[in-house]
Amino acid sequence: MSAQWTDDFLDLALDYQALRFGEFTLKSGRVSPYFFNAGLFADGRGLDRLAGCYAAAIQASGIEFDMIFGPAYKGIPLAAAIAIRLYRDFDRNLPFAYNRKEAKDHGEGGEVVGAPLAGRVLIVDDVISAGTSVRESRNLITDHGAQAVAVAIALDRQERGQNERSAVEEVEADGLEVVSVATLADLIDWLDDRHTIAADRSAMLAYRERYGI
């Protein structure tokens, strides 16, 4: 049985068409029967509710951390909104920071905006594709004397990368915990309970059989 925040997230994603079904060619060249685009949570209601799902999943994970980091660009609004919901829903007032794509050489300068990177850091992003963003974030955090301990994402596609492990498993093998609001398994279970959604369950199962971990 899925957690309440998982079902809430998938309902929200469908409502905002951030989750769509059909045939979608991914960067990998694979043809996927579904597609997720967190960039479509582009208003106050959507971002607030999305952050609430993240906050619930993060709180339930029991991961200990001291601050939040959001990699540019999608991680920036996520970091801010999740910090707000952790405070509002769980009375956890945590600092957050994010990076610039290019370091600023005037004004306050530097490549990090927000609270100073310190202690144990939770990275927040929409998905983990190749793990590049996580590695870059981890290096930046380490360079500032802090420690990346975990990553929180919206959706874990649970599919193999270039080898037998998924991008999420690669990140976990590097010593970072990963918190997912939902996984492909959750998505398939959720579809089982919603027969009115025009999604081809057999295509979802075939895709998981071919590429799943």
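Residues numbered from 1 in each chain as written. Predicted model: local features only at pLDDT ≥ 70, side-chain atom pairs only at ≥ 80, totals over all residues. Heavy atoms only, no water.

**Focus on the side chain of serine 137**
And step 1. Inspection of the secondary structure assignment puts serine 137 in helix 4 (residues 132–143).
And step 2. Ignoring any residue separated from it by four or fewer positions in sequence, one finds serine 137 in contact with Phe69, Pro71 and Ile123. (Helix = DSSP H or I, 4+ residues; strand = E, 2+ residues; numbered from the N terminus. Contact = heavy atoms within 4.5 Å.)

**Focus: the packing of helix 1 (residues 4–15) against helix 2 (residues 44–61)**
And step 1. Their axes nearest at 9 Å, the elements helix 1 and helix 2 cross at an angle of 155°. In terms of their interaxial angle, helix 1 and helix 2 are classed as roughly antiparallel. Crossing of helix 1 over helix 2 shows left-handed handedness. Contacts between helix 1 and helix 2 involve Trp5, Asp8, Phe9, Leu12 and Asp15 on the former and, on the latter, Arg45, Gly46, Arg49, Leu50, Cys53, Ala56, Ala57 and Ala60.
And step 2. Taken together, the residues of the contact of helix 1 with helix 2 break down into eight nonpolar, one polar and four charged. (Axes fitted to C-alpha atoms, helices over the stretch in contact; angles between N-to-C directions. Parallel < 35°, antiparallel > 145°, perpendicular 65-115°, else oblique. Left-handed = near helix turned anticlockwise from the far one by under 90°. Nonpolar A, V, L, I, M, F, W, Y, C, P; charged D, E, K, R; others polar.)

**Topic: the UniProt feature "binding site: orotate" (unreviewed entry) in the chain**
And step 1. UniProt tags Phe35, Phe36, Ser129 and Arg157 as "binding site: orotate" (unreviewed entry). These residues run over 123 residues, yet every pair of their C-alpha atoms falls within 12.8 Å of each other.
And step 2. Relative to the elements of secondary structure, arginine 157 occurs in the loop between strand 7 (147–156) and helix 5 (167–173).
And step 3. Excluding anything up to four places from it in sequence, arginine 157 contacts Leu26, Ser32, Tyr34, Leu184 and Tyr207.
And step 4. Polar contacts involving the side chain of arginine 157 include one to the side chain of glutamate 159, which spans 2.9 Å. (UniProt positions renumbered as here; feature names shortened; annotations may be inferred. Polar contact = N/O pair within 3.5 Å; in protein donor to acceptor, adjacent residues only side chain to side chain.)

**Description of the packing of aromatic side chains**
And step 1. Considering all chains together, one arrives at five aromatic pairs under this definition.
And step 2. Ring plane angle 55° and centroid distance 6.4 Å describe the contact between phenylalanine 36 and phenylalanine 41, whose orientation is recorded as tilted.
And step 3. Classification of phenylalanine 36 by relative accessible area gives buried; the value is 11%.
And step 4. Members of the aromatic cluster, connected to one another through ring pairs, are Phe9, Tyr16, Phe36 and Phe41. (Phe/Tyr/Trp six-rings, centres within 6.5 Å; stacked < 30°, edge-to-face > 60°. Buried < 20%, exposed > 50% of the residue type's maximum accessible area, 1.4 Å probe, protein only.)

**Concerning helix 1**
And step 1. In this model, helix 1 (12 residues) spans 16 Å end to end at C-alpha, consistent with the 16 Å of a helix rising 1.5 Å per residue.
And step 2. Those residues of helix 1 that fall on the buried side of the exposure criterion are Thr6, Asp7, Phe9, Leu10, Leu12 and Ala13.
And step 3. Contacts from the buried residues of helix 1 go to strand 1 (19–25), strand 2 (31–36), helix 2, strand 7, strand 8 (177–183) and helix 6 (184–192).
And step 4. Looking one or two residues past helix 1, glutamine 17 carries a phi angle of roughly 55°, positive in sign. (Expected span 1.5 Å × (residues − 1).)

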